[in-house]
Amino acid sequence: MSEAAPEDLYTLARRLPLPRLARLAIHGSGEALRARAVHRGPAPAEHPPPGLPLLRSSPLAPRLRALRLAGCRLGGMLPGGAARLDLPALEDLDLAGCGLGDYAAGDLLCARLPALRRLGLSGNRLTDRGLPALLAAPGVVGRLRALDLSANKLTDDGLLALAAAPLTALRDLDLWSQRGAPALTDAGLSALAAAAWAPELARLRLGGNERLGADRAALAALAASGAAGLRAAAEIEDAHGRS
């Protein structure tokens, strides 16, 4: 579903008889929400606030297993509402490009998400300041198998926080193209290589971080950390044109 307006989302979440719906994808609805507000005024008073809090009282919430809200610009719509969300069956949550920022990203995991295994937060302007709340979410972080933090603004301090987190089930980590200041360096690479969960990774994505790979010792440590680290180190070397 794309370019959904407030009344469309309200109807979908509250009124449609969809007893078997387990996967829901809405693309770019945030822009439609904003456009409708500009051209037609705010949504009718009986409609709840847009964004994830809309699911609070929806009959869809108990059975949703996968939810993708790509580019929905949820920043500002989420804080305060997420804590009351109960999505007991949700395994896969992708909020790529939703403009969450640090505060809303931390607030997100205050929701009850007992089945969550995959979390996508690509392109959400996350910085090192937002990671502690995200990584301290009780009962969520230790069960995550896939975490996508690509295209954010993390620095070496963020990678240090990730390395220290209890990501014991993690098998897939995406840190592609961070745009923090200062940029990621091999100090962050060394921290990742030393993480207790690094040997269990099946996939580690670090491309698009141009300053990685200058320190051969850091690359060697990454390569020795496990199969995913070995592949990531080889990709970094290829990007530098080294053999």
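Residues numbered from 1 in each chain as written. Predicted model: local features only at pLDDT ≥ 70, side-chain atom pairs only at ≥ 80, totals over all residues. Heavy atoms only, no water.

Novice: Looking at this structure, I do not really get the nonpolar core. What am I missing?
Specialist: With 62 residues, the main nonpolar core has Leu149 and Leu206 as its most contacted residues. Secondary-structure elements contributing two or more residues to this core are strand 1 (23-27), strand 2 (66-70), helix 3 (101-108), helix 4 (131-135), helix 5 (156-164), helix 6 (186-193), helix 7 (216-223) and helix 8 (227-239). Leave out the neighbours within four places in its chain, and Leu206 touches Leu175, Leu189, Leu192, Leu212, Leu222, Ala232 and Ile236. (Core = buried A, V, L, I, M, F, W, Y, C linked by side-chain atoms within 4.5 Å. Buried < 20%, exposed > 50% of the residue type's maximum accessible area, 1.4 Å probe, protein only. Helix = DSSP H or I, 4+ residues; strand = E, 2+ residues; numbered from the N terminus. Contact = heavy atoms within 4.5 Å.)

Novice: Honestly, the confidence of the model for the chain in this entry has me stumped. Any pointers?
Specialist: Regions with low pLDDT should not have their predicted coordinates read in detail. Residues with a pLDDT of 70 or more make up 74% of the chain, whose mean pLDDT is 81. Scored below 50 in pLDDT, residues 30-50 makes 29 contacts in the model with residues more than four places away or belonging to other chains. (pLDDT = per-residue confidence, 0-100.)

Novice: What should I look at first to understand the environment of Ile26 in this one?
Specialist: Relative to the assigned elements, Ile26 resides in strand 1. For Ile26, a relative accessible area of 5% translates into the label buried. Separated by 44 residues in sequence, Ile26 and Ala70 place their C-alpha atoms 6.5 Å apart.

Novice: Quick question: what am I supposed to make of the side chain of Ser150 here?
Specialist: Within the fold, Ser150 resides in the loop between strand 5 (146-148) and helix 5. Of note is the side chain of Ser150, whose polar atom sits 2.8 Å from the side chain of Ser122. For Ser150, the residues in contact, after removing those within four places along its chain, are Leu121, Ser122, Gly123, Asp174, Leu175, Trp176 and Gln178. (Polar contact = N/O pair within 3.5 Å; in protein donor to acceptor, adjacent residues only side chain to side chain.)

Novice: Just to check I follow, could you spell out unusual backbone geometry for this structure?
Specialist: Phi is mostly negative for residues that are not glycine, and the peptide bonds are mostly trans. In this structure, the amide linkage connecting Ala181 to the following residue, Pro182, adopts the cis form with an omega of 0°. Within the fold, Pro182 resides in the loop between strand 6 (172-174) and helix 6. The residue Arg125 is not glycine, and still its phi comes out positive at about 60°. Within the secondary structure layout, Arg125 lies in the loop between strand 4 (118-120) and helix 4. For Arg125, a relative accessible area of 43% corresponds to the partly exposed category. Within the chain, Ala151 stands out as a residue other than glycine whose phi angle is a positive 55°. Topologically, Ala151 is positioned in the loop between strand 5 and helix 5.

Novice: Even after reading the chapter, I still don't get empty space enclosed by the protein, so can you show me in this structure?
Specialist: Here the idea is plain: a probe the size of a water molecule rolls over the atoms and shows the empty space left. Enumeration over the complete set of coordinates arrives at 3 cavities of 30 Å³ or more. Space inside the second largest cavity adds up to approximately 50 Å³. Along the walls of the second largest cavity sit Leu173, Leu192, Ala193, Trp197, Ala198, Leu201, Leu204, Leu222, Ser225 and Gly229, which together make up its complete lining. Along the lines of polarity and charge, the residues of the lining of the second largest cavity split into 8 nonpolar, 2 polar and no charged. (1 Å grid on protein atoms, 1.4 Å probe; cavity = no way out; pocket = protein on both sides within 12 Å on 5 of 7 lines; lining within 4 Å. Points joined across faces, edges and corners; volume = space filled by probe spheres on them. Nonpolar A, V, L, I, M, F, W, Y, C, P; charged D, E, K, R; others polar.)

Novice: Even after reading the chapter, I still don't get helix 8, so can you show me in this structure?
Specialist: Residues spaced three or four apart along an α-helix face the same direction, because each turn holds 3.6 residues. For helix 8, spanning 13 residues, the distance from its first C-alpha to its last is 19 Å, which sits close to the expected 18 Å at 1.5 Å a residue. Here helix 8 has its buried residues at Ala228, Gly229, Ala232, Ala233, Ile236 and Glu237. The elements touched by buried residues of helix 8 are helix 6, strand 7 (203-205) and helix 7. A positive backbone phi angle near 70° is found at Gly241, which sits one or two residues after helix 8. (Expected span 1.5 Å × (residues − 1).)

Novice: Just to check I follow, could you spell out the pattern of salt bridges for this structure?
Specialist: Any two side chains of opposite charge can pair, given that their charged atoms come close. Applying the stated criterion across every chain yields a total of 10 salt bridges. Where salt bridges share partners, they join Arg65, Glu91, Asp92 and Arg118 into one cluster. (Salt bridge = Lys/Arg side-chain N within 4 Å of Asp/Glu carboxyl O.)

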